[in-house]
Amino acid sequence: LIHGGGGRAMEQLIDQLFKAEFIKAGVAGNDGTGEGPSHDATLVTPPPGQLAVSTDSHVITPLFFPGGNIGSLAVHGTVNDLAMGGAKPLWLSAGFILEEGFPLKELQTIVRSMAAAAKEAEVKIITGDTKVVEKGKGDGVYINTCGIGHVINQSKIGPQYIQPGDKILISGFLGDHGVAVMSQRENLGFESEILSDSQSLNGLVAEMLEAVPQVHCLRDPTRGGLANTLNELVQSARCDVLLQEATIPLRPAVNGACEFLGLDPLYVANEGKLIAICSAEDADKLLQVMHNHPKGESAAIIGEFVAEKSGDNFQGYLEMETPYGGKRLLDWLNGEQLPRIC
Amino acid sequence: MKWQIQGFAIKGIVQGVGFRPFVFNLAKQCDCSGDVCNNGLGVEIRLCGQQKNIDLFIQRLQSELPRLARINQIQSLPENQLDIESFSEVIESVKNNQPAIFAIRATPQKIANSAENNQKISTLISPDASLCDDCRSELLDPKNPRYRYPFINCTHCGPRYTIIADLPYDRPFTTMAGFELCKSCQQEYSDPQDRRFHAQPNACNTCGPQLSLLNNQGQPIDGDPIEQTLERLRQGEILAIKGLGGFHLVCDANNADAVAKLRARKHRPAKPFAVMAANTASLERWVTINPSTADLLKSAQAPIVLCQKQSQIELQINGVADGLNQLGVMLPYTPIHWLLFHQAAGQPATEAWLNQPQDLLLVMTSANPSGEPLVIDNREAINRLSNIADYFLLHDRDILIRNDDPLLIAGTEQQPSIMIRRGRGYAPAPVFLPKLLNKNNDLNILATGSYLKNSICYSQGEMAHFSQHIGDLNCVGNIEFQKEIYRHLSQAYQMQPDIVIADSHPESPAVRFAQQISQQLNIPLLQVQHHHAHIAAVMAEYQLAQPVIGLALDGLGFGGQSLDISQVADNKSLLGGELLLVNADGCQHLGGLQPLALPGGDAAAKAPWRMAASVLFSTGNSQQIKSRFKDFAAAAFTETMLQKQLNCPKTSSMGRLFDACASLLNICQVNSFEAEAASKLEAAAAKDASQSNSAAASEQPTSLARITSSSSQPFVLDLLPIFNVLIQSSIPPISISRQNQLAYWFHQQLIEALARWVISASKKTGIKDICLSGGCFLNQILAQGLQQKLQQLGFNVYLPICHPVNDGSISLGQLYAARMHLNKVQPQQHKVSGDK
Ligand SMILES: [Fe+3]
Ligand SMILES: [Mg+2]
Ligand SMILES: [Zn+2]
Ligand SMILES: [Zn+2]
């Protein structure tokens, strides 16, 4: 890749590459005519009802990791954000910022993953843009995606609908993505390779909402992991959470790696898991639906929202009961996991 | 006959402890007329009589104090403050040579409202006290109406702080409110000459609380609860027994199976348990008890005292405190405890058994599931402890405020006993602080303490209410307990903070609590850095205000801003071996230990071998990591982490170096409880035979440590040269005597190095006053050794005795540092609590 004089031409060339890949995967355009994503405005016809819009910029080192790369991640991230709003993702835009000198072959791999991810998630990439920046001014590739989705049956999904007594479900094993990425970045070579869980969740969400439309809240525990995501919900729902440590799905490999590293897997990022919160009556049914879907086969009920304990000055506590009956606070972490033991 | 009028104002713990009846009786014995009343800060006495009688009275007042009273100051009152008009009747009677008359007066309105007493304290909450000898005699006397009544008490003993909801300390404001005094109890309560005059928890079998024994399904067990409880203990069952400040889990210490069962159910594999025996004669089989320790055990505070074990003890009481050279012991302190031992002795009618060895030895451990607050409520006990305890010995006198057993280290002939954990019997007795020279003296200050071993300190002028041990703020129960104590003290003393103080920890619930208070009340928030607070706590104990050199050695405290004017390292530096210059304004960081990687953060604090790996890495001995720690799957990986600096924050912690040493000597590789490795290292050093060899002991070791300087720290102490030698000398396999020898050698080297560090700083600053603080000084070889060394070199050394040397005193230190600072700065426009 070069930048500068012939830059404009180069960007056009790359656009062609993108178009070709997206068309090949059948994820280009919105009308099935085989038109590629356009630099100019793409016209779409919204379905009746509400639309959901979400955008996310993806920066990650390394660009390629076991179980995915920045291309698939850029699709999954935005698709999942839409799904967590209770929307069926329809269209994506893709904006690329490329660093001069980035190998075309790697770019092609990224674009192919993106196309495959979009195909799997049944979304169309309808517009895009590319810029090339000077060498040393970017980490290879940055991708921004923006997504538009159609809100399924006007569902009331959000932290404000959470009630004390609600159950918390998780769709599968925690911490895979963060550990896979770190393992790749630092070349740690864990014995059994840990794959990122990066995947789209809209299919799973669609089935969950069909079975239990009155789900109270959906959230994907990405950065900050389960613990920080639940802490956010505790703050917006204004109730406390009590988790049961023994029920939280963790792969032995991930757990072991975290123990080695001195990290708490509950604070490690996920890219293909969701937290669902529903009333206690709906919990078993919802769990059943999740179990029947390949992306939720390891789902579990891991705890519940409880009436807040901090009295007149709401503080909000995320607590976890250990298998021995002790309780531990999973505090909000602003940055890295700092040592605390004296 | 020549007579005098004299008045005295007495400050201290003189209210709610039977002080006025004591004064009343003493005055009569000394042939003095007069009266006594409570005032805002204590008690006021007016006397009229012969000078020699008044002198005798004052002398005996101090030497014969009631058990729970403490005098901090006796001040002579000038005549114009004596309100002679209201005293005329007494004067008349003395004039006319009538027999001495003495009265207990109500608190005069004038005094209650006077400007002098703007702090509005009418009474102090006194701590709970162990059963007094008089009550015990009654309890065990078959002819006494309160024979075997488990709630007997008087003004000199029984529950206080743990049952008080509000002040004044009157029965309606205690958890005794629901029990109406019967006629005879009422009579005792109203008679100034009775031992139970105004004893708020006074009760008897007719009118008071009752015991009951339940199984863990909550069903009552027939028969006498004491008899049944003892029988079950003898059978090896585990009992939850309601005490003064919370529940205990109890089992027979002589029954190894019962102890193992308790450990398994409590998920507490190795952390030592404390034991209770009937008397010191019974304890002497297990531990050495000197006379001062015996006094301490029998005191009103009745603490757990860590005593030196007799040899061979482990063969006999298995699983109680294995691998350590100390055992925590205590004596019965409630009537319920006494009744159990009385029962075990066969209910003797005479008191001879009280001094004879008894066989019953009980493990008594606080009933707090895994670090959570102590259980205090009956229903809560059955809910939360039914998977641990087989039976519950309960009663219907509620505990309002939990207060754990206090813990001290036994003293020796040369050395007083040392507080480790402030609890029942000690808290919330106030610590008296020096008066400030400006208006800031009247400010109320709330210090919110540290993240671990939290306590709070809440001052009202010169009086600081220093809370009990709250615990680690890593569970909601303890976080809420901290707030509860704050609310309780605010309510009881009708006060509100004008300034709130927090640690500089970036993510501590205590800091968040302080921020909340600051916003809510719109009051200033000051930060005091952890190690600054450690040193200031020692200054508080010794009331120092001059500049001192502080040596703070502990596991972990964050660096950061202290009192807006001082900075101790960066905000996120992990400190733990620091040399500070602390003065009235703030502090200056003179230097820390040479930082080392902490592989895996908190994981390293749990696994001493990780810290040893860090030391091996830093000394160029990485190749030994895999071979030494082949039992640990993460060993090879830890080396990678160290190479890549992956989750390896740097720390200057001293605690972690003790861990590293214990691991290199193969004494302890994994901490199953806090400071296990350090305690076992100390125990090994204490066992070293060369210690008693006087030639070897008096030989000065050549110090290997290096003192260097960095851009921000003039004195950095590098202990790695000591570790270099240790690594070469400890190549496995290592014999036990070699372990002990090297453990002792390490301590000597460390003392030498630390002394040199202090000397360098002293040369530069000219300061000869040295304060030692931080959890590492619980290590007695280090604490005593360094103190002696520095004293020999001509330094004045201050080592805490009355308050915990560990993080338990951080709140006191925060408060003292802030007050020293406020002594210098001009009073600001704060909202003072008076206007609410
Ligand atoms: Fe500390
Ligand atoms: Mg996102
Ligand atoms: Zn008594
Ligand atoms: Zn009575």
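Everything quoted here is computed from the prediction, not taken from an experiment. (Residues numbered from 1 in each chain as written. Chains lettered and ligands numbered in written order. Predicted model: local features only at pLDDT ≥ 70, side-chain atom pairs only at ≥ 80, totals over all residues. Heavy atoms only, no water.)

## Overview of the coordination of the zinc ion (ligand 4)
All names here are of chain B.
- Every protein donor of the zinc ion (ligand 4) is listed here as Cys182 (SG), Cys185 (SG), Cys204 (SG) and Cys207 (SG), and their distances to the metal cover 2.2 to 2.3 Å.
- Around the zinc ion (ligand 4) sit four donor atoms, and with donor-metal-donor angles ranging over 105 to 115 degrees the site reads as tetrahedral.
- All donor residues of the zinc ion (ligand 4) come from one chain, and their arrangement in sequence is C-x2-C-x18-C-x2-C. Of the two residues, Cys185 is situated in helix α6 (residues 183-190) and Cys207 in the loop between α6 and β6 (211-215); the sequence distance between them amounts to 22 residues.
- Of the residues examined, Cys185 reaches a relative accessible area of 0% and is grouped as buried. (Donors = N, O, S within 2.8 Å, 3.2 Å for Na, K, Ca; no water. Tetrahedral: all angles 85-135°; square planar, octahedral: opposite > 155°, others 65-115°. Helix = DSSP H or I, 4+ residues; strand = E, 2+ residues; numbered from the N terminus. Buried < 20%, exposed > 50% of the residue type's maximum accessible area, 1.4 Å probe, protein only.)

## Section: the coordination of the zinc ion (ligand 3)
All names here are of chain B.
- Taken together, the protein ligands of the zinc ion (ligand 3) are Cys132 (SG), Cys135 (SG), Cys154 (SG) and Cys157 (SG), with distances of 2.3 Å.
- Between consecutive donor residues of the zinc ion (ligand 3), the sequence gaps follow C-x2-C-x18-C-x2-C. Note that Cys132 is positioned in the loop between α4 (109-113) and α5 (133-139) and Cys154 in the loop between α5 and α6, a separation of 22 residues in sequence.

## Here we look at the interface of chain A and chain B
- Taken together, the 34 residues of chain A in the interface contact 46 residues of chain B.
- At the boundary of chain A with chain B, total buried surface from both sides reaches about 3,400 Å², with 56% on carbon and sulfur atoms.
- Taken together, chain A and chain B are joined by one salt bridge.
- For Arg512 of chain B, the salt bridge goes to Asp331 of chain A, with nearest N and O atoms at 2.9 Å.
- There are twelve residue pairs in polar contact (both at pLDDT 80 or more) connecting chain A and chain B.
- Breaking the side of chain A that touches chain B down by element, the ones donating at least two residues are α7 (252-261) and β13 (327-329) of chain A.
- Residues that form the side of chain A that touches chain B fall into these classes: 16 nonpolar, nine polar and nine charged. (Contact = heavy atoms within 4.5 Å. Buried area = accessible area lost by both parts, 1.4 Å probe. Salt bridge = Lys/Arg side-chain N within 4 Å of Asp/Glu carboxyl O. Polar contact = N/O pair within 3.5 Å; in protein donor to acceptor, adjacent residues only side chain to side chain. Nonpolar A, V, L, I, M, F, W, Y, C, P; charged D, E, K, R; others polar.)

## Quick word on the pairing of strand β20 (residues 499-502) of chain B
Residues and elements named next belong to chain B.
- Where burial is concerned, the two faces of β20 agree: the one with Ile499 and Ile501 and the one with Val500 and Ala502 are both buried.
- The pairing of β20 with strand β21 (residues 525-527) spans three bridges and is parallel. In the sheet register, Val500 faces β21, and the bridge partner there is Leu525.
- Each parallel crossover has a hand, and for β20 linked through helix α15 (residues 509-521) to β21 it is right-handed. (Pairing = 2+ DSSP bridges. Right-handed = clockwise from strand over helix to strand, strands pointing away.)

## Focus on the pattern of salt bridges
Residues and elements named next belong to chain B.
- Under the counting rule described, the total for this entry stands at 41 salt bridges over all chains.
- With a closest N to O distance of 3.0 Å, Arg265 and Asp390 form a salt bridge. Pair noted here: Arg265 is in helix α8 (residues 256-266) and Asp390 is in the loop between α13 (378-385) and β13 (391-395), with a separation of 125 residues, a long-range link.
- Looking at Arg265, the relative accessible area reads 25%, which means it is partly exposed.
- According to the relative accessible area criterion, Asp390 is buried, its value standing at 13%.

## Concerning empty space enclosed by the protein
- The tally for this structure, following the rule as stated, stands at eight cavities of 30 Å³ or more.
- Quantified by volume, the largest cavity comes out at close to 110 Å³.
- Lining the largest cavity are 18 residues, with Pro150, Leu244, Thr334, Pro335 and Arg397 of chain B sitting closest to its centre.
- In the lining of the largest cavity, the residues fall into ten nonpolar, six polar and two charged.
- One number sums up the size of the second largest cavity: a volume of about 90 Å³.
- Lining the second largest cavity are twelve residues, with Arg340 of chain A together with Tyr451, His505, His530 and Leu556 of chain B positioned closest to its centre.
- Per-element tally for the lining of the second largest cavity: the top contributor is strand β22 (residues 548-558) of chain B, with three residues.
- Partitioning the lining of the second largest cavity into residue classes produces five nonpolar, four polar and three charged. (1 Å grid on protein atoms, 1.4 Å probe; cavity = no way out; pocket = protein on both sides within 12 Å on 5 of 7 lines; lining within 4 Å. Points joined across faces, edges and corners; volume = space filled by probe spheres on them.)

## Here's the deal with unusual backbone geometry
- Each neighbour pair has its own omega, and for Thr61 of chain A with Pro62 of chain A the value is 0 degrees, a cis peptide bond.
- Structurally, Pro62 of chain A can be placed in the loop between β1 (51-58) and β2 (64-65).
- Here the residue pair Ala427 of chain B and Pro428 of chain B is connected by a cis peptide bond, since its omega of 5 degrees sits within 30 degrees of zero.
- Among the structural elements, Pro428 of chain B can be located in the loop between β15 (418-421) and β16 (430-432).
- One non-glycine residue, Gln543 of chain B, lies in positive phi territory at about 55 degrees.
- Counting through the fold element by element, Gln543 of chain B comes out in the loop between α16 (530-542) and β22.
- On the basis of relative accessible area, Gln543 of chain B is assigned to the partly exposed category, the value being 40%.

## Side note on the sheet that holds strand β4 (residues 87-99) of chain A
All names here are of chain A.
- Reading across the sheet, the four strands line up as β1-β6-β4-β5 and stay open at both edges, with mixed pairing between neighbours. The open sheet has two free edges, formed respectively by β1 and β5 (124-133), since each of these has just one partner strand. Strand-to-strand twist across the sheet, computed as the mean angle between neighbouring axes with direction ignored, equals 15 degrees.
- Inspection of the sheet shows β1 paired to strand β6 (residues 141-151) by eight bridges, in the antiparallel sense. In the strand pairing of β6, Ser54 is matched with Gly147. (Axes fitted to C-alpha atoms, helices over the stretch in contact; angles between N-to-C directions.)

## A closer look at the side chain of Arg46 of chain B
Residues and elements named next belong to chain B.
- Mapped onto the elements of the fold, Arg46 is located in strand β3 (residues 42-49).
- With a relative accessible area of 2%, Arg46 lands in the buried category.
- Polar contacts involving the side chain of Arg46 include one to the main-chain carbonyl oxygen of Leu82, which spans 2.5 Å.
- Within polar-contact distance, the side chain of Arg46 engages the side chain of Ser86 at 3.1 Å.
- When residues no more than four places from it in sequence are discounted, the contact partners of Arg46 are Gln6, Gly7, Ser33, Gly34, Asp35, Leu82, Asp83, Ser86, Phe87, Phe102 and Arg105.

## Things to note about the nonpolar core
Residue and element names in this part refer to chain B.
- Among the nonpolar cores identified, the biggest contains 92 residues, and Leu551, Met654, Leu719, Phe723, Phe746 and Phe777 are the most heavily contacted of them.
- A total of twelve residues in this core trace back to one element, the largest contributor, which is helix α25 (residues 736-765).
- When residues no more than four places from it in sequence are discounted, the contact partners of Phe723 are Val615, Leu657, Ala660, Cys661, Leu664 and Phe746. (Core = buried A, V, L, I, M, F, W, Y, C linked by side-chain atoms within 4.5 Å.)

## Thoughts on the sheet that holds strand β11 (residues 300-306) of chain A
Residues and elements named next belong to chain A.
- Pairing in this open sheet of seven strands is mixed, and the strands run β8-β10-β7-β11-β9-β12-β13 from one edge to the other. Edge positions in the open sheet fall to β8 (217-219) and β13, since each of these has one partner strand only. Averaged over all pairs of adjacent strands, the angle between their axes in this sheet comes to 25 degrees, without regard to strand direction.
- With three bridges joining them, strand β12 (residues 318-321) and β13 adopt antiparallel strand pairing. By the bridge assignment for β13, Glu319 is matched with Leu329.
- Sitting on the sheet, helix α8 (residues 280-291) is in contact with β7 (167-170), β10 (275-278) and β11, with an inclination near 10 degrees to β7.

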